[in-house]
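Spelled out from the first residue to the last, the chains are:
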Number of protein chains: 2
Amino acid sequence: MRWARFDDAGTPRYGLVEGDTLRVIEGDPFAGHSLTDRVLPLAEVTLMVPVVPPTFYCVGLNYAAHVREVAERAGQVPNLPTQPDVGYRAQSALIPHDAPIIIPRDATEKVQYEGELVVVIGRQARHLTEETALDCVLGYTIGNDVSERSWQKSDRTLWRAKNADTFKPMGPWIDTEARLEDMETIVRVNGDVTTRFRTADMIFGVRDFLVAITRYITLQPGDVIWMGTDGHAPNLRPGDRVEVEITGIGTLSNPVTAEE
Amino acid sequence: MRWARFDDAGTPRYGLVEGDTLRVIEGDPFAGHSLTDRVLPLAEVTLMVPVVPPTFYCVGLNYAAHVREVAERAGQVPNLPTQPDVGYRAQSALIPHDAPIIIPRDATEKVQYEGELVVVIGRQARHLTEETALDCVLGYTIGNDVSERSWQKSDRTLWRAKNADTFKPMGPWIDTEARLEDMETIVRVNGDVTTRFRTADMIFGVRDFLVAITRYITLQPGDVIWMGTDGHAPNLRPGDRVEVEITGIGTLSNPVTAEE
């Protein structure tokens, strides 16, 4: 099943993707739904972010090669995480598939992407175990963790480096059947593959994070967890188009523009 | 005006505090409202957090004495912020006035409070200036930034140190007339004053943060900004009651219990 959220003449509404059409539903994937007879051509629909998360979790460093890359660039010794510490991002930065990433006027040229698997929580959960962890997962979508690297170094927090408006593309939809073990993440800039990795090659997996988080925190329906990225990304420039494809889910594609 | 949000037999609803009563309203303080004839005794109402923020901003270090305290405890040289960098907290951690702060089973004894002024955003805002900044503010409420200090040191992020369930009491209501320059923040534990400071003695003020944030980020109605704390706090223990009073707003009071 693929849950898409779209702009129905000003009202956000959910639909189910059926090939190249969208079957409109009443309700939502969290509280319950029923099918309607309305079917729209997918190509004519304006997609919205597939969910506005009550809490937006994001894993900073979760792929060994990425940790080594980041350390190397900073001239430091790689320091692999020893426990699944999660962070937070701002939902104000979310944009849907196809909406432009806008580079702020005073950003340096170091605006970079990170293709990430996104876990979407389907039901309230606390004190999950390894065995029960995945029961709370509705499905997966795709995130692009855009960062301004000079601000990431200069500021005390990641507020503008990671959370400036439009810096968090997410979509195109939520897939409930994709299998983590089959996934490959492929990032393309203007059609050229720039990054490619086995999505499951994480230091701490989805189960590990769900167990760790819910030991202290109640997950809510609609919460999202961005699972981190691998490898290194080149700078994005106005006029580029960046695509993140994950096997079994789809492709999140966004153009890049400069703030006027 | 004082906007309170309360549990109306399972439905969250807003009311206006009038002395020791609550006038129920239709609507909310953000999209518009109308008065009703229903008036409830305030003492019989179960308050909820006065707003569930789309984005929950929090200023880490914003009072000089607090920065020096934190540095001293860590055996480091105090490093005063040179620009208004804001951080994020999780709305999953919010609890209202009078709800218990629950100390997690495996927390150390170093669970501490921080009494903070909370700015509540009333309307969408981007690119604010010094002159226009306060136009987007609906009013003020009170926050208690509970932290587990050993996790704050050991973890890569503040996720459980600052965001464990119940670690963010906020309330009791939103006051739209309180004046920042008249405010004093007074924290009491079991009735004894433990911390007391001029609320306006900030390194960067409310205007500074509003201008800085909206240079890169769109503020939304209901967003909150916790403005940081001054001084040092002793450990909270099960059985304690912690109160944060701010002149002109009111008192946020919460009991402390241990996880079972």
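Residues numbered from 1 in each chain as written. Chains lettered and ligands numbered in written order. Predicted model: local features only at pLDDT ≥ 70, side-chain atom pairs only at ≥ 80, totals over all residues. Heavy atoms only, no water.

1. Remarks on the relation of the copies chain B and chain A
- Of the two same-sequence chains, chain B is brought onto chain A (RMSD 0.0 Å, axial shift 0.0 Å) by a rotation of 180°. Such a combination of rotation and displacement between the chain copies is what one expects of a two-fold axis.
- Both copies contact each other with a shared surface, as 100% of the interface residues of chain B are interface residues in chain A too. (Least-squares fit on C-alpha atoms with pLDDT ≥ 70 in both. Contact = heavy atoms within 4.5 Å.)

2. Structural notes on the nonpolar core
- Of all hydrophobic cores here, the largest spans 110 residues; its most connected members are Leu210(A) and Leu210(B).
- A total of six residues in this core trace back to one element, the largest contributor, which is helix α4 (residues 206–216) of chain B.
- Contact partners of Leu210(A), with chain neighbours within four places excluded, come to Ile121(A), Leu128(A), Ala133(A), Leu134(A), Cys136(A), Val137(A), Leu219(A) and Ile225(A). (Core = buried A, V, L, I, M, F, W, Y, C linked by side-chain atoms within 4.5 Å. Buried < 20%, exposed > 50% of the residue type's maximum accessible area, 1.4 Å probe, protein only. Helix = DSSP H or I, 4+ residues; strand = E, 2+ residues; numbered from the N terminus.)

3. Topic: the domain arrangement of chain A
Residue and element names in this part refer to chain A.
- Per the domain assignment, the segments making up chain A are domain 1 (1–48) and domain 2 (49–258).
- Between domain 1 and domain 2, the C-alpha centre-to-centre distance is 24 Å.
- Residue-level contacts link 12 residues of domain 1 with 21 residues of domain 2.
- Its largest share of buried area at the contact with domain 2, domain 1 owes to Arg2, Phe30 and Leu47, together 45% of the area lost on that side.
- Counting every contact that joins domain 1 to domain 2 gives one salt bridge.
- Between Arg2 and Asp175 there is a salt bridge, with its nearest N and O atoms 2.7 Å apart.
- Only β1 (2–8), β2 (11–18) and β5 (47–48) provide two or more residues apiece to the side of domain 1 that touches domain 2. (Domains from an automatic or database assignment. Buried area = accessible area lost by both parts, 1.4 Å probe. Salt bridge = Lys/Arg side-chain N within 4 Å of Asp/Glu carboxyl O.)

4. Here we look at the interface of chain B and chain A
- On the side of chain A, 38 residues touch chain B, which itself brings 38 residues to the contact.
- Carbon and sulfur atoms make up 49% of the area that chain B and chain A hide from each other, which totals about 3,100 Å².
- Taken as a group, Arg156(B), Trp159(B) and Tyr216(B) account for 28% of the area that chain B buries against chain A, more than any other trio of residues on that side.
- Asp106(B) serves as the salt-bridge partner of Arg215(A), at 2.6 Å between the closest nitrogen and oxygen.
- Summed over the shared surface of chain B and chain A, the result is 26 residue pairs in polar contact (both at pLDDT 80 or more).
- Elements that contribute at least two residues to the side of chain B that touches chain A include exactly β7 (87–88), α2 (149–154), α3 (159–163) and α4 of chain B.
- The dominant element in the side of chain B that touches chain A, judged by the number of residues it contributes, is α4(B), at four residues.
- Within the side of chain B that touches chain A, the residues separate by chemical class into 17 nonpolar, 11 polar and 10 charged. (Polar contact = N/O pair within 3.5 Å; in protein donor to acceptor, adjacent residues only side chain to side chain. Nonpolar A, V, L, I, M, F, W, Y, C, P; charged D, E, K, R; others polar.)

5. A word on unusual backbone geometry
Residues and elements named next belong to chain A.
- Cis geometry marks the peptide bond from Gly171 to Pro172, where omega comes out at 0°.
- In this structure, Pro172 sits in strand β14 (residues 168–175).
- Within the chain, His127 stands out as a residue other than glycine whose phi angle is a positive 55°.
- Note that His127 resides in the loop between β11 (115–121) and β12 (137–144).

6. What about the sheet that holds strand β16 (residues 192–198) of chain A?
Residue and element names in this part refer to chain A.
- Taken together, five strands build an open sheet; the order of strands is β9-β19-β18-β15-β16 and the sheet is mixed. This sheet does not close on itself; its edge strands, each paired only once, are β9 (101–103) and β16. Neighbour to neighbour, the strand axes of the sheet diverge by 20° on average, direction disregarded.
- Where strand β15 (residues 184–189) lies against strand β18 (residues 241–246), five bridges are found, and the strand directions are antiparallel. Its bridge partner being in β18, Val189 is matched across the sheet by Val242. (Pairing = 2+ DSSP bridges. Axes fitted to C-alpha atoms, helices over the stretch in contact; angles between N-to-C directions.)

7. A closer look at the side chain of Ser147(B)
All names here are of chain B.
- Here Ser147 shows up in strand β13 (residues 147–148).
- Given a relative accessible area of 0%, Ser147 falls into the buried group.
- For Ser147, the side chain forms a polar contact with the main-chain oxygen of Asp145, separated by 3.4 Å.

8. Points about the side chain of Lys162(A)
- Its place among the elements puts Lys162(A) in helix α3 (residues 159–163).
- Sequence-distant contacts of Lys162(A), defined by excluding residues within four places in its chain, comprise Arg89(A), Glu114(A), Asp145(A), Val146(A), Ser147(A), Arg149(A), Gln152(A), Phe167(A) and Lys168(A).

9. Considerations on the sheet that holds strand β19 (residues 250–258) of chain B
Residue and element names in this part refer to chain B.
- Strand order across the open sheet formed by five strands is β9-β19-β18-β15-β16, with mixed pairing between neighbours. Looking at the sheet topology across the chains shown, the edges are occupied by β9 (101–103) and β16 (192–198). Averaged over all adjacent pairs, the angle separating strand axes in this sheet is 20°, with direction ignored.
- Pairing of strand β15 (residues 184–189) with β16, which is carried by six bridges, proceeds in the antiparallel orientation. Within β16, the residue paired with Thr185 across the bridge is Phe197.

10. A few points about the UniProt feature "domain: Fumarylacetoacetase-like C-terminal" (unreviewed entry) in chain A
- Listed under "domain: Fumarylacetoacetase-like C-terminal" (unreviewed entry) in the UniProt record, and renumbered for this structure, are residues 56–256 of chain A.
- The annotated region residues 56–256 of chain A carries 15% helix and 33% strand content, and the separation between its end C-alpha atoms amounts to 23 Å. (UniProt positions renumbered as here; feature names shortened; annotations may be inferred.)

11. Remarks on the pairing of strand β19 (residues 250–258) of chain A
- Looking at chain direction, β9(A) and β19(A) are connected through three bridges and run parallel. Among the inter-strand pairings, Ile101(A) is bridged to a residue of β19(A), identified as Val256(A).

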